[in-house]
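Structure at a glance
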Amino acid sequence: MSASTTATLRHDWSVAEVRALFVQPFNDLLFQAQTVHRAHFNANRVQVSTLLSIKTGACPEDCKYCPQSGHYNTGLEKEKLMEVQKVLEEAARAKAIGSTRFCMGAAWKHPSAKDMPYVLKMVEGVKAMGLETCMTLGRLDQDQTEALAKAGLDYYNHNLDTSPEFYGSIITTRTYSERLQTLAYVRESGMKICSGGILGMGESLDDRANLLIQLANLPEHPESVPINMLVKVAGTPLENAEDIDPFDFIRMLAVARILMPQSHVRLSAGREAMNEQMQALAFFAGANSIFYGDKLLTTANPQADKDMQLFARLGIQPEAREEHSDEVHQAAIEQALVEQKSSEQFYNAAV
């Protein structure tokens, strides 16, 4: 299968086709992924987002990978929903270090009626700063989805996590069809979809293929596809899971790029355990989005200045928001850094 045949959008991938992509020689796969990537994106631009946990712990779901699940004793302290002003302060810090999207996550099965007004104020406030907005709040009903869209939410994250076949081995408190229904509500509302999965939970190659097929065969591809490497947390059922082979992880990124040519493929959780060479290979495989900052919800993430130093060595620059020119975006970053930086702890993302 040539790269040119995969540069067009398809929604009819079969397991046999996707498996064939996974098992081809590594160099051939990366060449194909890079060719597709360059047909749709600037290969030396990466979108940067910051993720904040706005409500931590005591989640009623039993996801076996998650330290926030109330079913497991991981030593994580429970926290109430953050105050709106504190969330906005964190968003300002994210903008100052060069993030263009601010993502807010709450450990809920679904948002409650009493919390929704505060959530909507967060969206409105972050949007007013000129940042793209993203939230992950669990399952949504149609009214909640429409309210978030009206408030200005740009993206909604709702990961499928794994294949339909393997899903029941990881989660029993929410069905796969419920996840797909939330994605359908998000799409109908006009918001963009952020949805991906996790590698390293004991899944098979076919499970990885079937996860990507679920996403690629949606009527419209998700605009953002986060690919996570399991972060093993003591106290969760997967704390002793076998490490994933780094080349297998890179293959997942490359196949995601080929199947969803116009989507941002996000190198997400697990970057703390990746060396610079593995991250560079991930970008070559077609990953063009990262979470940026010190922490992803409750797990560590490479610090922003370290990320920007790697970008500089690779000749990569942060991607600007679509509605602004690169010059305007970089000028905004420079100004924010001048106003908010009180020490040399941040590397200038605009340089």
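Since the structure is predicted, the reported quantities are computational estimates derived from the model, not experimental observations.

**So, the overall build of the protein**
Scanning the protein from N- to C-terminus turns up 12 helices and 12 strands. Relative to its full complement of 351 residues, the protein shows a buried share of 56%. Counted over contacts in the protein with a minimum sequence separation of 6, partners at least 24 positions apart contribute 74%. Working note: accessible area of the protein is about 14,900 Å², and carbon and sulfur atoms make up 51% of it.

**A short note on the side chain of Arg-257**
Inspection of the secondary structure assignment puts Arg-257 in helix H9 (residues 246-259). One buried charge, Arg-257, has no salt-bridge partner; the nearest side chain with opposite charge is Glu-319, at 8.5 Å. Within the local environment of Arg-257, its side chain forms a polar contact with the backbone oxygen of Pro-261, the two atoms lying 3.1 Å apart. In this view, Arg-257 contacts Ala-33, Val-36, His-37, Phe-41, Gln-262, Ser-263, His-264, Val-265, Ala-285, Gly-286 and Asn-288; residues no more than four positions away in its chain are not counted.

**What about helix H7 (residues 176-189)?**
For H7, with 14 residues, the first-to-last C-alpha span of 20 Å sits near the 20 Å given by 1.5 Å per residue. For H7, the full list of buried residues reads Tyr-176, Arg-179, Thr-182, Leu-183, Val-186 and Arg-187. Down the axis, H7 shows its buried residues gathered within 135° of arc, on one side only. Facing away from the buried side of H7 by more than 90 degrees, the exposed set consists of Ser-177 and Glu-188. Its buried side turned inward, H7 meets helix H5 (142-151), strand S4 (155-157), helix H6 (164-167), strand S5 (192-194) and helix H8 (205-216). Positive phi appears at Gly-190, one or two residues downstream of H7, with a value of about 95°.

**A word on the environment of Glu-61**
Note on placement: Glu-61 falls in the loop between strand S1 (45-55) and helix H3 (84-96). Sequence-wise, Glu-61 and Thr-172 are 111 residues apart; in three dimensions their C-alpha atoms are separated by 8.0 Å.

**Considerations on unusual backbone geometry**
For Asp-161, which is not glycine, the phi dihedral falls at a positive 75°. Within the secondary structure layout, Asp-161 lies in the loop between S4 and H6. You can call Asp-161 buried: its relative accessible area is 2%.

**A few points about the packing of H3 against helix H4 (residues 116-128)**
Across the interface, H3 lies against H4 with an axial gap of 9 Å and an inter-helix angle of 30°. In terms of axis orientation, H3 runs roughly parallel to H4. Crossing geometry of H3 relative to H4 is assigned as right-handed. From H3, Val-84, Val-87, Leu-88 and Ala-91 reach across to H4, where they touch Tyr-118, Lys-121, Met-122, Gly-125 and Val-126. Its residues placed into classes, the contact of H3 with H4 shows 7 nonpolar, 1 polar and 1 charged.

How each quantity is defined
Residues numbered from 1 in each chain as written. Predicted model: local features only at pLDDT ≥ 70, side-chain atom pairs only at ≥ 80, totals over all residues. Heavy atoms only, no water. Helix = DSSP H or I, 4+ residues; strand = E, 2+ residues; numbered from the N terminus. Buried < 20%, exposed > 50% of the residue type's maximum accessible area, 1.4 Å probe, protein only. Contact = heavy atoms within 4.5 Å. Areas by Shrake-Rupley, 256 points an atom, 1.4 Å probe, with all protein chains shown as cover. Lys, Arg positive; Asp, Glu negative; His and termini not counted. Salt bridge = Lys/Arg side-chain N within 4 Å of Asp/Glu carboxyl O. Polar contact = N/O pair within 3.5 Å; in protein donor to acceptor, adjacent residues only side chain to side chain. Expected span 1.5 Å × (residues − 1). Arc of directions from axis to C-beta. Axes fitted to C-alpha atoms, helices over the stretch in contact; angles between N-to-C directions. Parallel < 35°, antiparallel > 145°, perpendicular 65-115°, else oblique. Left-handed = near helix turned anticlockwise from the far one by under 90°. Nonpolar A, V, L, I, M, F, W, Y, C, P; charged D, E, K, R; others polar.

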